[in-house]
Amino acid sequence: MPTSIPKEELMAPGHTACHGCGATLAMRYVLKAMGQKTVVSVPASCWAVIPGAMPFRTLDVPMVYTPFAATGASISGLREGLDIQGKTDYNVVGFAGDGGTADIGLQGLSGAMERGHNVFYIMYDNEGYMNTGVQRSGSTPYGAKTTTTPVGKERDFKKENKKIVADMMIAQNVPYVATATIAYPEDLIRKIDHAKAVHGPKFIQILAPCPTGWYYPPEKTIEISRLAVQSRMFPLYEFIQGKFYLNKSFKPVDVSEYVKAQDRFKHLNDDEIDNLRKYVDERWNQLLEWEKIYSEQKE
Amino acid sequence: MKSVTEFKTIMTGNDAVAYGAKLARVKFISAYPITPQTTIVEKLASMIANDELDAKYVEVESEHSALAAVFASELTGVRSYTATSSHGLLYMHEMLHWVSGQRLPIVMSVVNRAIGPPWNIWADQSDTINQRDTGWMQVYSESNQEAMDTIIMGYKIAENSEVMLPLMSMEDAFILSHTSEPVTLRDQDLINEYLPDLDLKFRIDIGNPMGYGSYDTPDGTFMELKKDMVDSMKKAVRVIKDETEKFNQMFDTNYGGLVERYRMDDADYALIAMGTVASTARFVVDKLREKGLNIGLIRIRYFRPFPYDDILEDLKNIKAAGVIDRSVSFGYAGATYSEIVSALYGKINIPVSSFIVGIGGRDVRIEDIEKIADTVRNESSGVYWINVKKVI
Amino acid sequence: MVLVPVSTVSTRNHPTDSWRIQRPTIQYDKCIRCMICWKYCPDNAIEIENGDESAPNERIAKMEYPVINYSFCKGCGICANECPEKCIDMEFEVIE
Ligand SMILES: Cc1ncc(C[n+]2csc(CCOP(=O)(O)OP(=O)(O)O)c2C)c(N)n1
Ligand code: SF4
Ligand code: SF4
Ligand code: SF4
Ligand SMILES: [Mg+2]
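The structure contained in this document is the topic of the report that follows.

Here is what the cut-offs are and how they apply
Every residue gets a number counted from 1 within its own chain, in the order that chain's sequence is written. Chains and ligands are labelled by the order in which they are written, letters from A for the one and numbers from 1 for the other. With pLDDT at 70 or above as the cut-off, local features in this predicted model cover only qualifying residues; side-chain atom pairs require 80 or more to be listed or tallied, and sums for whole chains, interfaces and linings still use all residues. Hydrogens and water are ignored here; the side-chain numbers use all heavy atoms of the structure. A cutoff of 4 Å decides nearness: a residue is near a molecule or strand if any of its heavy atoms lies inside that distance of it. Polar here means any residue outside two lists: the nonpolar Ala, Val, Leu, Ile, Met, Phe, Trp, Tyr, Cys and Pro, and the charged Asp, Glu, Lys and Arg; Gly therefore counts as polar. Note on definitions: a residue-residue contact is assigned when non-hydrogen atoms from the two residues lie within 4.5 Å. Throughout, the accessible surface (probe 1.4 Å) given up by two parts as they are put together, summed over both, is called the buried area. Here, a salt bridge means any side-chain nitrogen of Lys or Arg that lies within 4 Å of a carboxyl oxygen of Asp or Glu. Throughout this description, a polar contact denotes any pair of N or O atoms lying within 3.5 Å of each other; where both atoms belong to protein, one of them has to be capable of donating a hydrogen while the other can accept it, and for residues adjacent in sequence the pair is counted only when both atoms sit in side chains. Paired strands, in this sense, are two strands between which DSSP finds at least two bridges. We count a stretch as a helix when DSSP gives it H or I for four or more residues in a row; a strand needs E for two or more, and each element gets its number in order from the N terminus.

Digging into the site of ligand 4
The local shell around ligand 4 holds 13 residues, among which Cys31, Cys34, Met35, Cys37 and Cys83 of chain C are the closest. Tallied by class, the residues present in the shell around ligand 4 amount to eleven nonpolar, no polar and two charged.

Here's the deal with the interface of chain C and chain B
The interface is formed by eight residues belonging to chain C together with 17 residues belonging to chain B. Where chain C abuts chain B, roughly 1000 Å² becomes buried across the two surfaces, and 62% of that area is made up of carbon and sulfur atoms. The largest share of the area that chain C buries against chain B comes from Val2, Leu3 and Pro5 of chain C, three residues that together contribute 52% of it. Summed over the shared surface of chain C and chain B, the number is zero salt bridges. In this assembly, chain C and chain B are joined by seven residue pairs in polar contact (both at pLDDT 80 or more). Residues belonging to the side of chain C that touches chain B are distributed by class as follows: six nonpolar, two polar and no charged. Across two bridges, the pairing between strand β9 (residues 211–212) of chain B and strand β1 (residues 6–7) of chain C is antiparallel. Pairing of Tyr212 of chain B across the sheet is with Val6 of chain C, part of β1 of chain C.

Concerning the interface of chain C and chain A
Contacts between the two partners involve 32 residues from chain C, matched on the other side by 41 residues from chain A. Summed over both partners, the interface of chain C with chain A comes to about 3100 Å²; 55% of that surface belongs to carbon and sulfur atoms. In this assembly, chain C and chain A are joined by four salt bridges. Between Glu82 of chain C and Arg226 of chain A there is a salt bridge, with its nearest N and O atoms 2.7 Å apart. For the interface between chain C and chain A, the tally reads 31 residue pairs in polar contact (both at pLDDT 80 or more). Breaking the side of chain C that touches chain A down by element, the ones donating at least two residues are β1, β2 (9–10), α1 (36–40) and α3 (78–82) of chain C. Of the residues contributing to the side of chain C that touches chain A, the split by class is 14 nonpolar, eleven polar and seven charged. In the sheet, strand β2 (residues 56–57) of chain A pairs with β2 of chain C via two bridges, with the strands oriented parallel. Looking at the pairing, Arg57 of chain A lines up with Ser10 of chain C of β2 of chain C.

The structure is reproduced here in structure tokens:
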């Protein structure tokens, strides 16, 4: 019987990710979509640790570990080095966390996308510096408690909204940009298939819930990923060669359902949840606006 | 005999270095502009644009990215090259370790320039001395010809299966980089004979998927990996000598191995210098010899691996030595001086002094070297800053 | 020869069963072979195998079915949580 996603597994079992790790599923799905002719570059992050210590590897494709800020440049060099040898059919994939993408690696990402290399940059977004013990990143959403935005006597949870790198990539006119999440692997894999048809830089931001850093029980990973879309906390879209498609086919739920499922938001009072609700509405309207602008442009 | 098409021309150090990279058949180049390095990669870009060089040139958005891109392309198995200076080199610091730790035989040109603040674009070796412990071999040239040939020899040495460490090849800012000198362009066929194509044994191969870098634990092989780099740095001493000799024979040159000696055979006193300061020192040696002082010069070519054995041999019969450094090491004496005294310690007991010269491009004059020689002759030991003004 | 930091041994040689506190068990007589559990397992600990006797009906008995590889299952509970038939039980491991 055919399965809804490819059967081929290029990520082995036996890795050392936490129970119920969403970032691991992101890699599993990405490699299913990419296939075996793929080289992956991973900076400092959970994913630099998930494969285990030397001499272990958990991917059945070459995986290059790089310094934290080096993802964008390393995929540039991999692409060009392979092309020089005629290996133009290899997929070159940067696979970096949100810290490695939204913060320390942003310049390298932007540079690599601007230079037009034929590469994929996958940002697995667990909304914080998880490998170093759950610190805030630019991609952490408003309201979240992290170890550097703690809630003690003072309510020092993160007060700033999430920096959305995919939006920045659209602003930079990267030929393929999409958001995805692990509850919808068929959607993610379809997006990668679309991206493969685009020659040039491709950027996909995958929301990857993290039980350890979002403080929820590990069996809820898929549920929370689904709620992120349904609550519109993490809208799914696709921007392909100047056209913008927003995914609206889901059963909407209130933001509070998403928030209440995770202890990183436990401290939020009704007013604060309302702030998130407003933010979500505003962003949704903005995305609807984009859909209009980009479709008009292309008519 | 084969017909050899070498020809002599006049060019700047940076152009010579670019021709060195071309002769070495580099396939991938990535860099970021910084004075006084920029004209190297401009030259290479124009060679590519004019079909003189079959390589890919990518200008990235920072030096960290330049070395990250070169790291990655080299790992796919293509000979890769970059060049930088000063702040660009400091910006690469993390990647320098990453390249050597992954055992990638990349060659990089560095035009030695001062580190700010205040901004200063002139000759000063503090930038590369700062990178002493990054696992890269370091060569300091004295002429444009040497700068060109060192790129070629550099790849041959770095890619040796016993070495597999990256190499930095230095030129002093402006004194070499932007000054024209006669240079012999080597015959490409002969270079091809000397330097075969890169054959990176562990290059990226989807048929043999591996993790490159990964992480390791205290009980794993981390310590052994680092020790192996030190061992390879030691083995490089022999390889450098052999490969330099081979080059000398093929191209009728006479480069020293790790050091170059001038009038040292019967010398009582020795000056030790690195880079273009050695040219001035050589002139002063001749001048003082005429006056009857038995003085000689040791020019350090390789700072890493450091020529400990050569130095011991050369200073065996010397009464006193002066070590000239064009770099600042805050808190102690000159960097080369520190190496020399540690080489001598417990074996040769002579007065050695440290001279700091030419910081931020300050001119190193004949009279400065004469003063240094004078101090050495008095068999004193100490740390001296030469040609500094009294400002406070 | 030099020592190069490359990792060559697949984690297929690195069991993670000792991480498991809760053990998932599939009730095959209720399982409809939708493979949702397989799809969402972050540890690749569910394998797809051919045919099985105990099945809700004959048609399903001929289909591929999910088999948990307990050498790698960490017991996260995602499979049980996502199973549409609620036919995966999670029970605490008993150390004998
Ligand atoms: C230059 C540098 N700074 C800091 C670190 C420490 N560090 C390693 S991983 C990490 C967090 C990574 O966060 P993210 O990119 O979001 O990936 P995650 O761990 O969340 O998967 C940090 C701060 C580092 N390795 N290198
Ligand atoms: S901390 Fe989060 S992202 Fe990192 S391995 Fe654990 S679950 Fe996965
Ligand atoms: S409990 Fe978790 S690890 Fe075990 S089979 Fe189910 S999903 Fe996989
Ligand atoms: S999810 Fe449940 S019903 Fe579907 S295959 Fe797995 S055990 Fe069977
Ligand atoms: Mg993160």
